[in-house]
4 protein chains.
Amino acid sequence: MKIRTAELHRIAMPDPGDASGLAALIDEGALDPATIVAILGKTPGNGLTNDHTREFATRTVASLLAARLGLTEDDVRSRILLLFSGGTEGMLAPHLLVFTRAPAPEGAAPGPALAIGLARSAPLAPAQIGRLAELDAAAAATRAALADAGLDDPRTVAWVQVKCPIPTPGALHGARDLAAASIPGMKHLSRAAAALGVAVALGEVARRAIEDDDAIGAHLERGTRRACVTAAIDSPCVDVMVLGNGAGWAGDQRIGSTVLKDMLDAPAVAALLDRLGLPAAPQLTRDQRDRLVGVILKGDPPSDDRLRGGRHVMLDDSDIGPIRHYRAAMGGMLGALTGDNHVYLSGGAEHQAPPGGAVLALIVRNR
Amino acid sequence: MKIRTAELHRIAMPDPGDASGLAALIDEGALDPATIVAILGKTPGNGLTNDHTREFATRTVASLLAARLGLTEDDVRSRILLLFSGGTEGMLAPHLLVFTRAPAPEGAAPGPALAIGLARSAPLAPAQIGRLAELDAAAAATRAALADAGLDDPRTVAWVQVKCPIPTPGALHGARDLAAASIPGMKHLSRAAAALGVAVALGEVARRAIEDDDAIGAHLERGTRRACVTAAIDSPCVDVMVLGNGAGWAGDQRIGSTVLKDMLDAPAVAALLDRLGLPAAPQLTRDQRDRLVGVILKGDPPSDDRLRGGRHVMLDDSDIGPIRHYRAAMGGMLGALTGDNHVYLSGGAEHQAPPGGAVLALIVRNR
Amino acid sequence: MKIRTAELHRIAMPDPGDASGLAALIDEGALDPATIVAILGKTPGNGLTNDHTREFATRTVASLLAARLGLTEDDVRSRILLLFSGGTEGMLAPHLLVFTRAPAPEGAAPGPALAIGLARSAPLAPAQIGRLAELDAAAAATRAALADAGLDDPRTVAWVQVKCPIPTPGALHGARDLAAASIPGMKHLSRAAAALGVAVALGEVARRAIEDDDAIGAHLERGTRRACVTAAIDSPCVDVMVLGNGAGWAGDQRIGSTVLKDMLDAPAVAALLDRLGLPAAPQLTRDQRDRLVGVILKGDPPSDDRLRGGRHVMLDDSDIGPIRHYRAAMGGMLGALTGDNHVYLSGGAEHQAPPGGAVLALIVRNR
Amino acid sequence: MKIRTAELHRIAMPDPGDASGLAALIDEGALDPATIVAILGKTPGNGLTNDHTREFATRTVASLLAARLGLTEDDVRSRILLLFSGGTEGMLAPHLLVFTRAPAPEGAAPGPALAIGLARSAPLAPAQIGRLAELDAAAAATRAALADAGLDDPRTVAWVQVKCPIPTPGALHGARDLAAASIPGMKHLSRAAAALGVAVALGEVARRAIEDDDAIGAHLERGTRRACVTAAIDSPCVDVMVLGNGAGWAGDQRIGSTVLKDMLDAPAVAALLDRLGLPAAPQLTRDQRDRLVGVILKGDPPSDDRLRGGRHVMLDDSDIGPIRHYRAAMGGMLGALTGDNHVYLSGGAEHQAPPGGAVLALIVRNR
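The structure presented is a predicted model; accordingly, all values stated were derived computationally and were not measured.

J.: Lay out the relation of the copies chain D and chain B in plain terms, naming residues and giving numbers.
T.: Expressed as a screw transformation, the operator carrying chain D onto chain B has a rotation angle of 180° and an axial translation of 0.0 Å, and the superposed copies differ by an RMSD of 0.0 Å. Such a turn and shift between the copies fits a two-fold axis. Relative to the rotation axis, the C-alpha of Asp319 of chain D is the closest in chain D, positioned 3.3 Å from it. Mapped onto chain B, 100% of the interface residues of chain D are again interface residues, and the two copies thus contact each other with one and the same surface.

J.: Let's hear about the interface of chain A and chain B: which residues, and what values?
T.: Taken residue by residue, the interface counts 41 residues in chain A and 41 residues in chain B. At the surface where chain A touches chain B, the tally comes to 2 salt bridges. Across the salt bridge formed by Asp317 of chain B and Arg324 of chain A, the nearest N and O atoms sit 3.6 Å from each other. Remark: the boundary between chain A and chain B carries 8 residue pairs in polar contact (both at pLDDT 80 or more). Those elements that place two or more of their residues in the side of chain A that touches chain B are α7 (266-275), β12 (306-307), β13 (310-311) and α9 (322-338) of chain A. Top element by residues in the side of chain A that touches chain B is α9 of chain A. It accounts for 9 residues.

J.: Please provide a residue-by-residue account of the pairing of strand β6 (residues 157-165) of chain B, values included.
T.: All names here are of chain B. Within β6, 9 of the 9 residues are buried, which leaves the element mostly enclosed by the surrounding structure. Sheet topology places β6 next to strand β8 (residues 239-246); 6 bridges connect them, and they run antiparallel. Bridge pairing in β8 links Lys163 to Asp239. Here 6 bridges tie β6 to strand β7 (residues 227-232), and the two strands are oriented parallel to one another. Along β7, the bridge assignment pairs Pro165 with Ala232.

J.: Which residues make up the interface of chain D and chain B, and what are the values?
T.: At the junction of the two partners, chain D supplies 14 residues and chain B supplies 14 residues. Roughly 1100 Å² of surface becomes buried between chain D and chain B when both sides are summed, with 42% attributable to carbon and sulfur atoms. Linking chain D with chain B are 2 salt bridges, by the criterion used here. The shortest N-O distance in the salt bridge between Arg324 of chain D and Asp319 of chain B comes to 3.6 Å. Here chain D is connected to chain B by 8 residue pairs in polar contact (both at pLDDT 80 or more). Looking at the side of chain D that touches chain B, its residues break down into 2 nonpolar, 6 polar and 6 charged.

J.: Explain the sheet that holds strand β10 (residues 253-260) of chain A to me, using residue names and the numbers behind them.
T.: Residues and elements named next belong to chain A. Pairing is mixed across the open sheet formed by 4 strands, whose spatial order is β10-β15-β11-β14. Where the open sheet ends on each side, the last strands, each with one partner, are β10 and β14 (344-346). With direction set aside, neighbouring strand axes in the sheet form an average angle of 10°. Packed on one face of the sheet, α9 meets β10, β11 (292-299), β14 and β15 (358-365) and runs near 140° to β11.

J.: Residues and numbers for the side chain of Lys42 of chain A, please.
T.: All names here are of chain A. Mapped onto the secondary structure, Lys42 falls in strand β2 (residues 36-43). Despite its burial, Lys42 remains without a salt bridge, the nearest opposite charge being carried by Glu89 at 6.1 Å. In this structure the side chain of Lys42 is engaged in a polar contact, spanning 3.4 Å, whose partner is the backbone oxygen of Gly87. Apart from the residues within four sequence positions on either side, Lys42 is in contact with Ser85, Gly86, Gly87, Thr88, Ala93, Pro94, His95, Arg327, Val343, Tyr344 and Leu345.

J.: Describe the packing of helix α4 (residues 132-149) of chain D against helix α6 (residues 183-201) of chain D, naming the residues involved and giving the relevant values.
T.: Residues and elements named next belong to chain D. Here α4 crosses α6 at 45°, and the two axes come no closer than 7 Å. Considering their axes alone, α4 and α6 lie oblique with respect to each other. By crossing handedness, the relation of α4 to α6 is classed as right-handed. Seen from α4, the contacting residues are Glu134, Leu135, Ala138, Ala139, Thr142 and Arg143; seen from α6, they are Ser190, Ala193, Ala194, Leu196, Gly197, Val198, Val200 and Ala201. Of the residues assigned to the contact of α4 with α6, the class counts are 9 nonpolar, 3 polar and 2 charged.

J.: Got a sec to walk through the side chain of Asp317 of chain B? Specific residues and values, please.
T.: Summarising the element assignment, Asp317 of chain B is placed in the loop between β13 (310-311) and α9 (322-338). Judged by its relative accessible area of 7%, Asp317 of chain B is buried. One polar contact links the side chain of Asp317 of chain B to the main-chain amide nitrogen of Ile320 of chain B, over a distance of 3.2 Å. At 3.4 Å, the side chain of Asp317 of chain B forms a polar contact with the side chain of Asn50 of chain D. Every residue in contact with Asp317 of chain B, bar those within four places of it in the chain, is listed here: Arg324 of chain A, His325 of chain B together with Asn50 of chain D.

J.: Run through the packing of helix α2 (residues 53-69) of chain B against helix α2 (residues 53-69) of chain C, naming residues and quoting values.
T.: Running from N to C, α2 of chain B and α2 of chain C cross one another at 45°; their axes reach a closest spacing of 10 Å. With respect to their mutual orientation, α2 of chain B and α2 of chain C come out oblique. Every pair of crossing elements has a handedness; the one defined by α2 of chain B and α2 of chain C is left-handed. Each of Glu55, Phe56, Arg59 and Thr60 of chain B in α2 of chain B lies in contact with α2 of chain C, whose residues at this interface are Glu55, Phe56, Arg59 and Thr60 of chain C. Partitioning the contact of α2 of chain B with α2 of chain C into residue classes produces 2 nonpolar, 2 polar and 4 charged.

J.: Go over the relation of the copies chain A and chain B with me, naming the residues and quoting the values.
T.: Note on the identical chains: chain A maps onto chain B by a rotation of 180° and an axial translation of 0.0 Å, with an RMSD of 0.0 Å. The fraction of interface residues of chain A whose copies in chain B are also interface residues reaches 100%, indicating that both copies meet through the same surface.

J.: Please provide a residue-by-residue account of the environment of Ile3 of chain C, values included.
T.: Residues and elements named next belong to chain C. Relative to the helices and strands, Ile3 resides in the segment before β1 (4-12). Sequence separation of Ile3 and Ala104 is 101 residues, and the distance between their C-alpha atoms is 5.6 Å. Ile3 has contacts with Pro103, Ala104, Ala108, Pro110, Gly248, Trp249 and Ala250, leaving out every residue within four places of it along the chain.

Conventions adopted
- Residues numbered from 1 in each chain as written.
- Chains lettered and ligands numbered in written order.
- Predicted model: local features only at pLDDT ≥ 70, side-chain atom pairs only at ≥ 80, totals over all residues.
- Heavy atoms only, no water.
- Least-squares fit on C-alpha atoms with pLDDT ≥ 70 in both.
- Contact = heavy atoms within 4.5 Å.
- Salt bridge = Lys/Arg side-chain N within 4 Å of Asp/Glu carboxyl O.
- Polar contact = N/O pair within 3.5 Å; in protein donor to acceptor, adjacent residues only side chain to side chain.
- Helix = DSSP H or I, 4+ residues; strand = E, 2+ residues; numbered from the N terminus.
- Buried < 20%, exposed > 50% of the residue type's maximum accessible area, 1.4 Å probe, protein only.
- Pairing = 2+ DSSP bridges.
- Buried area = accessible area lost by both parts, 1.4 Å probe.
- Nonpolar A, V, L, I, M, F, W, Y, C, P; charged D, E, K, R; others polar.
- Axes fitted to C-alpha atoms, helices over the stretch in contact; angles between N-to-C directions.
- Lys, Arg positive; Asp, Glu negative; His and termini not counted.
- Parallel < 35°, antiparallel > 145°, perpendicular 65-115°, else oblique.
- Left-handed = near helix turned anticlockwise from the far one by under 90°.

Shown next, in the form of structure tokens:
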């Protein structure tokens, strides 16, 4: 089998209209745009319904890549998984995580090393979103992505990054056959359905245990513990990117993931850093930080107003949404150990993290 | 000299209208209201101009203590330093820090142990606020509080908690002889003046190095590194509470303080925990957490849009003020090490912390 | 039958901790506190879940009246209908509407004049809120209030002001037998149930047309068109104040009400002003404004994102809630005609106003 | 002299990424893109520092026009005055005001009719912004635009729309030679300087009465009463569009403007509508509304916390900025009379409107 290589580049993108960091890397020859398979972006909007920075940044990046690749913007959006998430509250920094994949150079030593598998479902109709149809589409896409990565054993998968669809706001106002009547409601159910699909594909939940549509969004303690699902308006498909450490891959990067049981579970973060060869005591040194390329966290505030017995106000603040409080707090919590403020941190962890907890993936350079 | 004892009680106050936690402690006999000298409270408002939770909580507490002590509310507010700060963003919990002081029991072993000294300046006129007159009043009050605590050597002082005045909004609209024209501006200058006063009293800045009113709020890198100054509307005086570990004090609690050089300076926090006998690896255990009674942090976001090279949006977010982002993030950063979410965390660290950094006090039980 | 007199006093209350305007009126002898039967207050908070200004202002007013009347605060809260609503966005002014009722002076000319009837239901259990039990309790209380006012014909009623209960947040987190799982959800259903109860009592909806609990909050185009229902946490009862122009009442004030079909229905407002003897051309003169004592509006933004064909963003703004946009806009719309900015303007018009429309009551002095 | 024709098209743009309304008008042949000289756009962001919808919408429109005109986006931005303002609070609708200018058709009857004159200053250095250099540049550009429109008598000018520069945020952080140290500060001073320049050009303020840079932003009661100045980051020049009713212009549209003395000055609005042949009684009918093509308002909340004696909270709300409250309220105030919700409504009226008041331009079709 042909050996491949995968790599993650982290690039600052301080403004949604400014892709100069990405352009510079391409112009320097450090990044071949033809090898880009996915870009995760964190933008400085509110991350909620009226956050236009996601689409603005998507267009900025797609426009640049279209020019560099000689494609239309639509082609770029179709060929590369573009997954922008708003909200850089607190100390968090807007940035891009650019994933590339290519044949390994001649004679490259085989892994295990960072492996990437990709797949896309057929388009879903609005009425399929948030329902079993989406769950099954997500499961099938996850299996296809596993195969694409050559990760035969689902247990070796560290992380599944998923983009799931929601209907356009226009379709929502007055719609009757949708799983939910609001954009937040649709996002919730679409993420829940896709996450359960991943859990089925990874063997974490049995498909037969899910009877009907009502299971989606219920019993939130069950699900996958290795996925980050984001709902987006710009595609009707479920897009899946599987990440793991594969034998058929050569390269200098590795990925690991873990589960945080609550917002204060720094010990779980420290244990994962340790396992990846970056022990924090209590914080990574500058050299260690340089080897931490990507940090992806998916989680939510507690579902009640308590954290380890202390009252918090995240759920009851009508001026700042719960997830905005959460992102700011978790950026600080992770930063205490990593010494860094670049986190692709996203809320809406239905069937992905234990309620009130989170899941975390770290991608590191070996040296 | 008569040996005294000082103690800090941390009490949940989830709602500004609910002092039942304080009432319960009094009713159980665990807290003699006659010994209370100061109460710091963290309330769940926005901590900004229109945060009414501070005054609401102040009245709730004052009303309870008035009933228990047989005083008027005004008497309570005059006799006890009540210092409420709004803003429990992210995981932070609204709570009270109740400081008591009393003669030590017969035969109590002398310290060093937690020591408290108190003093109040004469009332300031609106035109004195934010100017040298306030600076000198704060310096004199700090010296008086040191004497009151029997802490003869200023170097032994760990922390100086200060409440400084601002004019009422009514006085601001249209006023001409004030140091600043807005409530945020007045708070800024009043804190700055009081903090420089503390620095003078503690020997951290020479009085003669401060020529005129313009020095207040300029050269923000100089100042004290052991104070937390809060501006409030309900008193025209500068109130000072000095905290240290004094030989003439018996008791089971100790205080320590440190400086954080930026928002990610977890190592400084870890070092202070270590010094106080509570090593975090990476986080305090439950038993250790029970011994951490009080956490007070004063700091501000960076003055530019960078944190260790990563862009942040705290300064440019017109929907959420910088300090709200900051409190949420710092609550997470501290919580990673302490495992707890009770922090009296306040912004506006002019002349108190290095720009972009913070100062931190921890009060712990010895066993 | 003994002739009575009713009067409305409008009093500025710029801060929720400051009842000095009310105190002054009492001290001047212009207002006998023993005659106060209801106080509606508009406070400067966000009017949403974490708006503490409502309870703060309630306590401030109750404390003052307790002192003046020689009662406890609890007695005051039980004897006087205190109905505080948060949110003075845009140009709106925080203020109190103080309703008094007393025997008419000897020889007073009989009306019709402003009439007030009051009634209170038995306490509702949390599980009854938002359900038929609350609807029937509201209907019965409305009938009792009609009788209390001597307004025998429901068609002569101009306005029914209702305070309906919601469970405390503590009861919500984890509760199972409630009609809704969130505070906004409970408020929605409780208002809806109470409004349908008023509609039944006023003959606007037939009781037999309401089959079961599911009718509450459905078919929102039906309901009353003469009520303003506000949900509050501080009482488990449905409190009703009926306002009309009664023959058995003497006095100088009158009330009228109307329906606005959308947010721009200024012609309906102008017609009501005209009917009450205050024609606006286009705006009330200063003399006319002095005769406009009370303005109460209940309404909501459109349920879709259009207003007369123009797109609006009220529903999709995650930084500012829809009702905050609405209050600011409607304050301007009404102010264009009245020339004034005192409106008790409240959202949540389920079964009270036509969807996207509003209901409006004006209380004017005859000369 | 050759007769010209000018026309204003109002086009909905509900989303900053969607210019389909503009595209449709072009595709239908109703709008020749080559005749477009200016586009004012109202976008749904917060209108404050971190409002990315302005630049996003600008790019969306520029990209469409570039494709239609065979130009680069940069060329479009250079040739057409693009002036996007964020903030559609309350009922306001995001929309475009597209101004065209062309030779009049053969035999067109001469006006007076809507006239447009355009001019652009040389680029300003960051240190010139907010200072006399900008004032003089604005005055010269205004005079040039008057000449370009053939409006020889400045008194016949109804409105001057100005786009003035501010430095980029990057230039601000740490800059020393700027007139102000923050983006809001720079916007304030840049608008103030440009507005005074317009006032000089229109003969409303004598140039010799302005001694030095300190006059800019001081004595805010003086200035022009016929301008709307917006600060933007995307050009270092002062761009001016003069609007009036000129004899050398043929067409079906007219413009008028007026001054509102406070937020409730509906009578001034009604008088202007009347003058333009659209009497409101109290509101425009549907037919009349169809003839109201453009509504442009520039104003600010009162500088103290009172409006006609009633307290307002616009200045003291730390959750919602003053101008957001203002826009929502004024949209309602104007809508009461016009029956419509399309207003290009912008705050920051330094030297443009009387403090607490506003200036208003209406462009109407004659039939």
